[in-house]
Amino acid sequence: MSCFHKHPKRTKSEELAFQEQQKKVAQENGKRVGLEGDLDLQFLLVGGPLVKICSNSWKKNRYYKLQEDCQTFWHESKKKFKKTQTFSILDIESVRKGRQSEGLKKYTDDSVEDRCFSIFFKGRKKNLDLMAKSEEELNKWVTGLEKIINNMHNLSDQKKREHWIISCLRKADKNGDNKMTLKELKHFMRQINVDVSDTYAAEIFKKCDISHSGTLEGSEITEFYHLLTYREEIDVIYAKYAQTEGQMSARDLLNFLLNEQREQVTEEDAHRLIEKYEVDQTAKQKKHMTKDGFLMYLQQEDGCILNPTHKFEYQDMDQPLSHYYISSSHNTYLMEDQLKGPSSTEAYIKALMKSCRCVELDCWDGVNGEPVIYHGHTLTSKVLFKDVIKVIKEYAFKTSEYPVILSLENHCSVDQQKLMAHYLISILGDALVKKPLGDTMPTNFPSPKALKGKILIKGKRLNKLDAVFTSNKVVEDETVSEEDEAAECKENSEKPKPKKTKIKLARELSDMVIYCKSVHFNGFEHARDNQAFYEMSSFKESKAFHLAETSATAFIHHNMDKLSRIYPAGSRTDSSNYNPVPMWNVGCQIVALNFQTPSKEMHLNQGRFRPNGFCGYILKPEFQRSLSSQFDPNTLTKGPWLKKKIFHIMVISAQQLPKVNRDKHKNKSIVDPLVRVEIHGVQADNGSKETNYIDNNGFNPTWNEGFQFPISVPELALVRFVVEDHDTASQNDFIGQYCLPLTSAQNGYRHVPLLTKRGDVISSASLFVHLMPIDAQ
């Protein structure tokens, strides 16, 4: 069995030579990631013992070290068939110093706070809780890890590709002699996801083996690398515009930018790109761009599909809160399903770090007088309310400074509600909005800008907001109807339909609800005549979809000055999601999704909020904010929303797609990739088209297939790219995806980064496409 394959035992001199070679490899890779000679990197490469903590009784010493590729972390294991284990630096989401994980808080004592740290991974991989021998060693581990994570993250796409290919070459070099045999070359090709015939492998090997030694080494491996990464499509584009001494002059580059990329630029902008991306100093001095510089430009942010100005905040943030879509999570505390999965503070951290700006807290009476959060009447685990508030305080504004809304589902007794109010005030401090901004009763929402760094409470309130400005402020604890979502849960589980439960509401908690008072929805006309701007309703998905289909224009007008929250049906016990797009089409702001579930719906959510600095707030189109608007997404009439275009898109190629389906039967299989392009917007604009699949090539497949999509309302359209591994016998396997608003997509030749199902970047993988929206006649 290959997994038990052992190398022949080395002699002492061979071992010394091997160790020396490994040092050189580590130095090369340290230089490649920008940490040449760094002491913290040297510490990681040597490694050392750490205590791995899994429970009160399972705390064991394990040796950890960074491997010579400066990308893979190795640690010993006592498992019978797995003596060593590895994980990639690229899989780490964050490294947190101190007892910040639930495991460390539970299984260690306060006295070791300054020796503990946790490694949190992307996706569902369990975090690693570790303890160093001393605070000094802890700092070395954490600083070293943070440095290499940041440097890997900041590498250019070109450097990431090189690093990935070179590390694959090292792995293919089975005997570590820094030479490559034909057999090792074949192994390498499979590693990078390319299936080649023996004849072709021998041909490429012979072409590079200039020394006729039967192995490739040094410059021959470099030649092999260049041959492998050659891209014909870039050659064709470059040759068309390189009209000056075989290179692109600044004027040639300007022609390309104007004619192909359709950018409004000047020759000065062309000079800037040459200065930024050209790698050849002689060409740079002539203000020329070589083919390598041109490829570098195409692979960086200026050549990316996402408009680089939209990567940062670019929208007007001074509009009322109701004029924005707000990134929102449902039952935020759940890590998995709705019935028996774990509740965790970590789920709040993950949502907030993805710029979610509205999180949900289902609050119930806990033991010892301490309120807890969990999905009531289910087997989901419980987490302390105060622990959740502490986490929100710490992580609320790490990725976005704009306001966070805490949507409270309150099922607690008055005493525990008073304790909740105490925690909110004592932990959140000045960040908590406890009264309206200004000295007079407001008539509209403040803006996200005015609420920077603030936390709002959404829940029931005993009286009108204007009571804050009157002398008669005293209100006793009274009963109110429970939240709509809680009532819906009971309707789903109990027959016949019960009457809505009343709960007693503590004044202290009631007084904290300022701009988001929960009220029952009784129709758009009733809301217009009776509802204040700060009174908002929650809609279960079926009701919201019905209203969006039958009263779309009324729904849009309702959402101009009031907030609406949409939540998934109680029947979605697997934490699946509904399609958020029809809800955005009618101007709903708080479209709450199960963030823990990787799904097409979450890809659309990530795409919707990708622009504007990924801050969790997106300004709605003017026709969803203007009182004179008669926009109806279901029946398109003439108006400022109607901007008919034909969206031309050509899927040209892909680069370095990851292998999928690594089970024991398919581990050696090469992907057969295809690309699907989807448009999600108003009903008339929805569409999906896909390429043919390419046999056995995940490294550099080429399609050159063009599609056309008619678009009527581009301001509401999202474009989603999906790459799959074609399978004739079963469902296609997912490889990667990317989604963004059509209005944030750049024209012309663009690279599209690929993300995992959970929305994390797949390092070095991308699509190459050509996009052109043309005004329809």
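This one's a predicted model, so the numbers in the text were calculated from it and none came from an experiment. Residue numbers restart at each chain and count upward from 1, following the sequence in its written direction. Note on the predicted model: pLDDT of at least 70 is required for a residue's local features to be given, and 80 or more for side-chain atom pairs to be given and counted; whole-chain, interface and lining totals, by contrast, use all residues. Side-chain numbers come from the whole structure's heavy atoms, not from hydrogens or water.

*Asks:* Mind laying out the pairing of strand 26 (residues 702–711), listing which residues take part and the relevant values?
*Replies:* For a regular strand, side chains alternate in direction, first toward one face of the sheet and then toward the other. Here the term buried applies to any residue with accessible area under 20% of the maximum for its type, exposed to any over 50%, and partly exposed to those in between, with areas from a 1.4 Å probe on protein chains only. By the criteria applied, helices consist of DSSP H or I runs no shorter than four residues and strands consist of E runs no shorter than two, each listed in order from the N terminus. Along strand 26, the buried face is formed by Trp703, Glu705, Phe707, Phe709 and Ile711; none of Thr702, Asn704, Gly706, Gln708 and Pro710, which line the opposite face, is buried. Whether two strands pair comes down to DSSP finding at least two bridges between them. By the bridge criterion, eight bridges tie strand 23 (residues 645–655) to strand 26 in an arrangement that is antiparallel. Looking at strand 26, one finds that valine 651 is bridged to glutamate 705.

*Asks:* I'd like to hear about the side chain of glutamate 535, residue by residue, with values.
*Replies:* With respect to the secondary-structure elements, glutamate 535 resides in strand 19 (residues 535–540). A distance of 2.9 Å separates the side chain of glutamate 535 from the backbone nitrogen of alanine 532, its partner in a polar contact. By the criterion applied in these results, polar contacts are pairs of N or O atoms within 3.5 Å in which, for protein atoms, one can donate a hydrogen and the other can accept it, and in which residues neighboring in sequence qualify only through two side-chain atoms.

*Asks:* Can you lay out the packing of aromatic side chains for me, pointing to particular residues and giving the numbers?
*Replies:* Each aromatic ring pair is characterised by the separation of its centres together with the angle its planes make. A pair of Phe, Tyr and Trp rings is counted when the ring centres sit within 6.5 Å of each other, with Trp represented by its six-membered ring. The angle between the planes then sorts it: under 30 degrees is stacked, over 60 is edge-to-face, the rest tilted. All told, the structure shown has 28 aromatic pairs when counted by the stated rule. Taken together, a centroid distance of 6.1 Å and an interplanar angle of 65° make the contact between tyrosine 402 and tyrosine 617 edge-to-face. With tyrosine 402 in the loop between helix 15 (385–395) and strand 14 (404–410) and tyrosine 617 in strand 22 (residues 617–619), the pair connects residues that are 215 residues apart, well separated along the chain. Looking at tyrosine 402, the relative accessible area reads 2%, which means it is buried. When the centroid spacing of 5.9 Å and the interplanar angle of 20° are considered together, the rings of tyrosine 749 and phenylalanine 768 count as stacked. Placement of tyrosine 749 in strand 29 (residues 748–755) and of phenylalanine 768 in strand 30 (residues 761–775) is noted, with a sequence separation of 19 residues between them. Judged by its relative accessible area of 16%, tyrosine 749 falls in the buried class. Look at phenylalanine 768 and you get buried, because its relative accessible area is 0%. An aromatic cluster is built from Tyr238, Tyr241, Phe256, Tyr277, Phe294, Tyr297, Tyr749 and Phe768, whose rings are joined through pairwise contacts. The rule is short: NZ of Lys or CZ of Arg within 6 Å of the ring centre and within 35 degrees of the ring normal puts a charge over the ring. One cation-aromatic arrangement involves arginine 231 over phenylalanine 768; the distance from NZ or CZ to the ring centre is 5.2 Å.

*Asks:* Got a sec to walk through unusual backbone geometry? Specific residues and values, please.
*Replies:* If you check the backbone angles, serine 355 has positive phi at about 65° while not being a glycine. Assignment of secondary structure puts serine 355 in the loop between helix 14 (345–353) and strand 11 (358–364). Of the residues examined, serine 355 reaches a relative accessible area of 1% and is grouped as buried. A positive phi angle, near 55°, is found at asparagine 368, a position not held by glycine. Within the element layout of this structure, asparagine 368 appears in the loop between strand 11 and strand 12 (372–373).

*Asks:* A description of helix 2 (residues 39–46) should follow, citing residues and the corresponding values.
*Replies:* Among the residues of helix 2, Asp40, Leu41, Phe43, Leu44 and Leu45 are the ones counted as buried. Once helix 2 finishes, glycine 47 follows within two positions and takes phi at roughly 75°, a positive value.

*Asks:* Please provide a residue-by-residue account of the packing of helix 15 against helix 16 (residues 414–428), values included.
*Replies:* Axis angles are defined between N-to-C directions and span 0 to 180 degrees, where every axis is a line fitted to C-alpha atoms and, for a helix, only to the segment in contact. Relative orientation of the contacting elements helix 15 and helix 16 amounts to 25°, with a least axis distance of 10 Å. Viewed along their axes, helix 15 and helix 16 adopt a mutual orientation that is roughly parallel. Handedness of the crossing formed by helix 15 with helix 16: right-handed. Residues Phe385, Lys386, Ile389, Lys390 and Lys393 of helix 15 form the contact with helix 16, whose participating residues are Met420, Tyr423, Leu424, Ile427 and Leu428. For this classification, under 35 degrees means roughly parallel, over 145 means roughly antiparallel, 65 to 115 means roughly perpendicular, and everything else is oblique. Each helix crossing is assigned a hand: it is left-handed if the near helix lies turned anticlockwise from the far helix by less than a right angle, otherwise right-handed if that turn is clockwise. Pairs of residues are marked as contacts when any of their non-hydrogen atoms sit within 4.5 Å.

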